[in-house]
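Structural description and commentary
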Amino acid sequence: MEKVALVTGSSRGIGAAIATLLAHEGWAVCINYLEQRKKAEALVAKLRTEGCVAMCVQADVADRSSVDAMVRQIEDALGHVTLLVNNAGIARQQQFQDVDQETWHRILSVNLGGCFNCSQAVIRPMLREHSGCIINISSIWGSHGASCESVYSSSKHAIIGLTRSLAAEFAPSGIRVNCVAPGVIETDMIQALGEETLAVLRKEMPFRRFGTPEEVAKSVLHLATAEYITGQVLTVDGGFLF
Ligand code: NAP
């Protein structure tokens with residue numbers, strides 16, 4: 001079977017690094033984006049000049065019909081998805097008492113709902129083929145509490161629960177489900193913390209630096225190819241939290 005990867009939220013940041021590495025390792029990749037069409041198209045063009053097979057599709061992972069339409073486009077162009085990386089995610093720093101209903105629902109719908117929607121959209125062909133791999137991107141805040149990130153942390157905890165449950169359910173069907181939990185990684189997402197906070201945080205890092213998207217991507221590749229590993233959470237945080 002062809003190796004076809006869907007990496008959600010891959011127009012930039014960690015997702016872009018994952019899609020790039022997988023494309024160079026022989027997967028035909030679909031770059032998914034929400035708003036940044038130019039970035040997604042530029043990444044596809046770059047990968048094609050490097051001899052890779054790539055396409056991009058706009059879809060909001062929180063919206064099931066949009067996800068289903070994306071998966072149909074991938075199946076028409078590349079074939080069934082054999083590797084799904086649920087990477088799309090959003091964060092917002094807010095004190096708990098200030099979180100409104102809209103924020104609560106949106107963060108859970110994108111971060112957790114996105115994993116649910118995309119996994120369901122690709123699972124039937126995987127079940128038929130008795131083969132497939134799903135990798136969810138959680139966070140260190142999926143196993144530790146995070147002040148002023150209660151919603152984000154809740155969604156990331158739930159992603160680990162979903163990972164373990166799907167791993168148990170699908171192992172007899174030859175499908176592996178694992179999770180990568182990054183620490184603080186240099187992307188647009190952490191810029192909201194502000195330079196002052198980032199400088200303090202950097203000093204708290206055992207390696208005195210944040211991780212790179214490429215370092216997270218290497219862990220995803222490892223799990224994508226580690227045939228006897230399922231139901232696991234691989235932390236990539238430079239030793240920040242033990
Ligand atoms: P980022 O730089 O903010 O990029 C987010 C990506 O997700 C973009 O490609 C964005 O698309 C896409 N996206 C956002 N909402 C979407 C939606 N509803 N549907 C489809 N795509 C959507 O984020 P990042 O730092 O690379 O984070 C990637 C993942 O790693 C997230 O799940 C995040 O929670 C997790 N993580 C990050 C860190 C960190 O320190 N950076 C740490 C732990 C975990 P557009 O470009 O089109 O907007």
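Whatever comes next refers back to the structure up there.
Residues numbered from 1 in each chain as written. Predicted model: local features only at pLDDT ≥ 70, side-chain atom pairs only at ≥ 80, totals over all residues. Heavy atoms only, no water.

**Points about the overall build of the protein chain**
Rules: By definition, any uninterrupted DSSP run of H or I lasting at least four residues is a helix, any uninterrupted run of E lasting at least two residues is a strand, and each is numbered from the N terminus. Our radius of gyration is a C-alpha quantity, and the globule rule it is checked against amounts to 2.2 Å times the number of residues to the power 0.38. Exposure is judged per residue with a 1.4 Å probe applied to protein chains only, and the accessible area is read against the type maximum: over 50% gives exposed, under 20% gives buried, and values in between give partly exposed. The contact criterion used is simple: two residues touch if any of their non-hydrogen atoms lie within 4.5 Å. Here the open area of atoms and residues is found with the Shrake-Rupley method and a 1.4 Å probe, where only the protein chains shown may cover a residue. In this tally Asp and Glu are treated as negative and Lys and Arg as positive; neither His nor the chain ends contributes. The location of each charge is read from NZ of Lys, CZ of Arg, CG of Asp or CD of Glu.
Of the regular secondary structure elements, the protein chain holds seven helices and seven strands. When the helices and strands of the protein chain are read in sequence order from the N terminus, they spell out β-α-β-α-β-α-β-α-β-α-β-α-α-β. At 17 Å, the protein chain has a C-alpha radius of gyration in line with the 18 Å of a compact globule built from 242 residues. Counting only C-alpha atoms, the protein chain reaches 50 × 40 × 35 Å along its principal axes. When the 242 residues of the protein chain are sorted by exposure, 50% land in the buried category. By sequence separation, contacts in the protein chain at least 24 residues apart represent 71% of the contacts at least 6 residues apart. Roughly 11700 Å² of accessible area belongs to the protein chain as shown, and the carbon and sulfur atoms make up 52% of that amount. Once the 21 positive and 25 negative side-chain charges of the protein chain are each reduced to a mean point, those two points are 2 Å apart.

**Points about the packing of helix α3 (residues 64-77) against helix α4 (residues 101-129)**
Counted only if it meets this: Only C-alpha atoms enter the line fits that serve as axes; for helices the fit covers just the stretch in contact. Angles between N-to-C directions range over 0 to 180 degrees. Geometric relationships in this document are graded by angle, where less than 35 degrees denotes roughly parallel, more than 145 denotes roughly antiparallel, 65 to 115 denotes roughly perpendicular, and other angles denote oblique. Left-handed describes a crossing whose near helix is turned anticlockwise from the far helix through less than a right angle; right-handed describes the clockwise counterpart. Lys, Arg, Asp and Glu make up the charged group, whereas Ala, Val, Leu, Ile, Met, Phe, Trp, Tyr, Cys and Pro make up the nonpolar group; the residues left over, Gly among them, are polar.
Two numbers describe how α3 lies on α4: the axes approach to 9 Å, and their chain directions differ by 40°. As far as their axial angle goes, α4 and α3 are oblique. Between α3 and α4 the crossing geometry is right-handed. On the side of α3, the interface is formed by R64, V67, D68, V71 and E75, while α4 contributes N117, C118, Q120, A121, V122 and P125. The residue inventory of the contact of α3 with α4, partitioned by class, reads six nonpolar, two polar and three charged.

**Considering the pattern of salt bridges**
Filter applied, for reference: Salt bridge criterion: a side-chain nitrogen from Lys or Arg within 4 Å of a carboxyl oxygen from Asp or Glu.
Enumeration over the complete set of coordinates arrives at eight salt bridges. Here D60 ties to R106 by a salt bridge, and the two come within 3.2 Å at their closest N and O atoms. Pair noted here: D60 is in the loop between β3 (54-58) and α3 and R106 is in helix α4, with a separation of 46 residues, a long-range link. Of the residues examined, D60 reaches a relative accessible area of 19% and is grouped as buried. For R106, a relative accessible area of 33% gives the class partly exposed. Between E186 and R202 there is a salt bridge; the shortest N-O distance is 3.7 Å. Here R202 lies in helix α6 (residues 195-204) and E186 lies in the loop between β6 (175-182) and α6, a separation of 16 residues in the sequence.

**Some thoughts on the packing of α4 against helix α5 (residues 150-170)**
Interhelical geometry of α4 versus α5 gives an angle of 15° and a closest axis separation of 9 Å. Relative to α5, the element α4 is oriented roughly parallel. Where α4 crosses over α5, the handedness of that crossing is right-handed. Side by side, α4 and α5 meet where T103, W104, I107, L108, N111, L112, C115, F116, S119, I123 and L127 of the first sit next to V151, Y152, S154, S155, K156, A158, I159, L162, L166 and F170 of the second. Considering only residue class, the contact of α4 with α5 consists of 15 nonpolar, five polar and one charged.

**Examining helix α1 (residues 13-24)**
Heads up, the rule is: Any helix carries an expected span of 1.5 Å times its number of residues minus one.
For α1, built from twelve residues, the straight-helix expectation of 16 Å at 1.5 Å per residue is met to within 8% by its first-to-last C-alpha distance of 17 Å. Of the positions making up α1, those classed as buried are I14, G15, A16, A17, I18, A19, T20, L22 and A23. At the exit of α1 stands G26, carrying a positive phi of roughly 105°.

**Thoughts on the site of the ligand**
Here is the rule: Being near a molecule or strand, for a residue, comes down to having at least one heavy atom within 4 Å of it. Side-chain atoms alone can form a polar contact between residues adjacent in sequence; in general such a contact is a pair of N or O atoms within 3.5 Å, and within protein one must be able to donate a hydrogen while the other accepts it. Using protein atoms alone on a 1 Å grid, points that fit a 1.4 Å probe yet trap it form a cavity, whereas open point sets bounded by protein on both sides within 12 Å along at least five of seven lines form a pocket; residues with an atom within 4 Å of a point count as lining. Throughout, a molecule is located in a cavity or pocket provided that more than half of its atoms lie within 2 Å of its grid points.
Around the ligand, the structure places 33 residues, and the nearest of them are S11, R12, E35, Y152 and T187. A distance of 2.8 Å separates a nitrogen atom of the ligand from a polar side-chain atom of D60. For the ligand, an oxygen atom lies 2.8 Å from a polar atom in the backbone of I185. Across the complex, the protein chains shield 96% of the 910 Å² of accessible surface that the ligand would expose by itself. When atom positions are compared with the pocket grids, the ligand is found to occupy the largest pocket. Of all the secondary structure elements, the ones that give two or more residues to the shell around the ligand are α1, β2 (28-33), α4 and α5. Residue composition of the shell around the ligand, by class: 15 nonpolar, twelve polar and six charged.

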